[in-house]
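# Understanding the architecture of this molecule
The lines below spell out each chain.
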Amino acid sequence: MAILVLGGAGYIGSHTVYELIEAGRDVVVVDNLLTGFREAVHPKARFYQADIRKREEMDRIFETEHIDGVIHFAAFSQVGESMTNPLKYYDNNMGGTTVLLQSMVAHGVDKIVFSSTAATYGEPERIPILESDATRPTNCYGETKLAMEQMMKWTGVAHAMRYVALRYFNACGAHASGKIGEAHDPETHLIPLILQVPNGRRDHISVFGNDYPTKDGTCVRDYIHVSDLAQAHILALDYLMNGGESDVFNLGNGVGFTVNEVIDVARKVTGHPIPAEVCPRRAGDPAQLVASSEKAKKVLGWKPKYDDLETIVASAWAWHRSHPNGFAD
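## Section: the pattern of salt bridges
Side-chain pairs of opposite charge can arise where the charged atoms are in close proximity. Tallied over the full model, the rule gives 19 salt bridges. Among the ionic pairs, Asp91 bridges to Arg53, the shortest N-O distance being 2.7 Å. Pair noted here: Asp91 is in helix 4 (residues 86–106) and Arg53 is in the loop between strand 3 (46–49) and helix 2 (55–64), with a separation of 38 residues, a long-range link. Assessed through its relative accessible area of 27%, Arg53 is described here as partly exposed. In this structure, the salt-bridge partner of Asp59 is Arg55, at a minimum N-O distance of 2.9 Å. Of this pair, Asp59 and Arg55 both sit in helix 2, four residues apart, roughly one helical turn. For Asp59, a relative accessible area of 15% corresponds to the buried category. Here the salt bridges do not stand alone but share partners, grouping Asp26, Arg46 and Glu65 into one network.

Below, the structure written as structure tokens:
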């Protein structure tokens, strides 16, 4: 039986496919390649270029392959864009998930691990954030992800489908092999944007706001290595396969770093001065997002390997230095 990875040509999806293949799993990848890269798909995975919004395409895959469980990464994920083009996010994220769940129910596939986000919490009521804390998204992206979780919950009630939603924080870093890493167009994530400066692709890094209620006025985030996230998805799938009940888990290192601190670490790793310029705040950005991952560690047995920021940034720099133009290199 195979594992179906939707969005498996994207950043976190491709790293999860690599970890699954290395663990000896049979993997089927589906991606429409709107934001993913064919070159990022592991050569041992069976690949279908398809769109989860199209029921006939999803049905064909479930009829062709013997799927035992699904890992769902297929969603648009840019906070800023979600605020200026919310209907694009409702169409793809929620519309696509609706079709996916319909096809899963029709074909008797009853286990799904979902790539959710810390953006479901919005402006947190405490730090670190617990899974039981209130969910009040401050951007459309987080709103759609929360709605996708609820779709899985109620589908589970009606059709005995079990799900795990993994709410993770800032994914970063690159695979140890150097074969895959982070590549978005346009790029919106902080660490690759910072590393474009020493790579000669921009002359400075923009800091969006320095008047937040944090120690240096810049946003605080919890940075988690992409390979650690990939391992958590595999553990979550095994948890469901072993009879685990539907649940939600945070994934993070439990330590927050300000934007200025991340820039300082990048300066140390790259040996480049990396000039920074302050810009106005971005809409929908909470001041602090830091996770408590104790539940995932206790229930799933998850333990991050890459638990310090310098190691994470160094792995990202190794990829970006050798692939300054992403997969075009």
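## Quick notes on the nonpolar core
Counting 33 residues, the largest nonpolar core has Val5, Ile12, Val27, Ile71, Leu166 and Leu251 as its most contacted members. Going through the elements one at a time, strand 1 (2–6), helix 1 (11–22), strand 2 (27–31), strand 6 (162–168), helix 7 (226–241) and strand 10 (247–251) are the ones with two or more residues in this core. The element contributing the most residues to this core is helix 7, with eight residues. Within the second largest apolar cluster, 29 residues are counted, among which are Leu101, Val109, Ala165 and Val248.

## Thoughts on helix 2
Among the residues of helix 2, those classed as buried are Glu57, Met58, Asp59, Ile61 and Phe62. Buried positions along helix 2 lie against strand 1, strand 2, strand 3, strand 4 (67–72) and helix 4.

## Observations concerning unusual backbone geometry
Omega for the bond connecting Ile127 with Pro128 falls within 30 degrees of zero, at 0°, which places this linkage in the cis form. Counting through the fold element by element, Pro128 comes out in the loop between strand 5 (111–117) and helix 5 (140–159). Positive phi is not limited to glycine here, since Leu33 has a value of about 65°. Here Leu33 lies in the loop between strand 2 and strand 3. The phi angle at Ile274 is positive, at roughly 45°, despite the residue not being glycine.

## Some thoughts on the packing of aromatic side chains
The final tally for this structure, using the stated rule, is four aromatic pairs. For the ring pair Phe76 and Tyr89, a centre distance of 5.8 Å and an interplane angle of 55° mean the geometry is tilted. Here Phe76 is found in the loop between strand 4 and helix 3 (79–84), whereas its partner Tyr89 is found in helix 4, with 13 residues between them in sequence. By the burial criterion, Phe76 is buried, and Tyr89 matches it. When the ring of Trp319 is compared with that of Phe327, the centres are 5.2 Å apart and the planes differ by 55°; the resulting orientation is tilted. For Phe327, a relative accessible area of 15% translates into the label buried. Here Lys88 stacks its cationic end above the ring of Phe76, 4.6 Å away from the centre of that ring. Cation over ring: Lys295 sits above Phe249, and NZ or CZ is 5.1 Å from the ring centre.

Rules and cut-offs
Residues numbered from 1 in each chain as written. Predicted model: local features only at pLDDT ≥ 70, side-chain atom pairs only at ≥ 80, totals over all residues. Heavy atoms only, no water. Salt bridge = Lys/Arg side-chain N within 4 Å of Asp/Glu carboxyl O. Helix = DSSP H or I, 4+ residues; strand = E, 2+ residues; numbered from the N terminus. Buried < 20%, exposed > 50% of the residue type's maximum accessible area, 1.4 Å probe, protein only. Core = buried A, V, L, I, M, F, W, Y, C linked by side-chain atoms within 4.5 Å. Contact = heavy atoms within 4.5 Å. Phe/Tyr/Trp six-rings, centres within 6.5 Å; stacked < 30°, edge-to-face > 60°. Lys NZ or Arg CZ within 6 Å of the ring centre and 35° of its normal.

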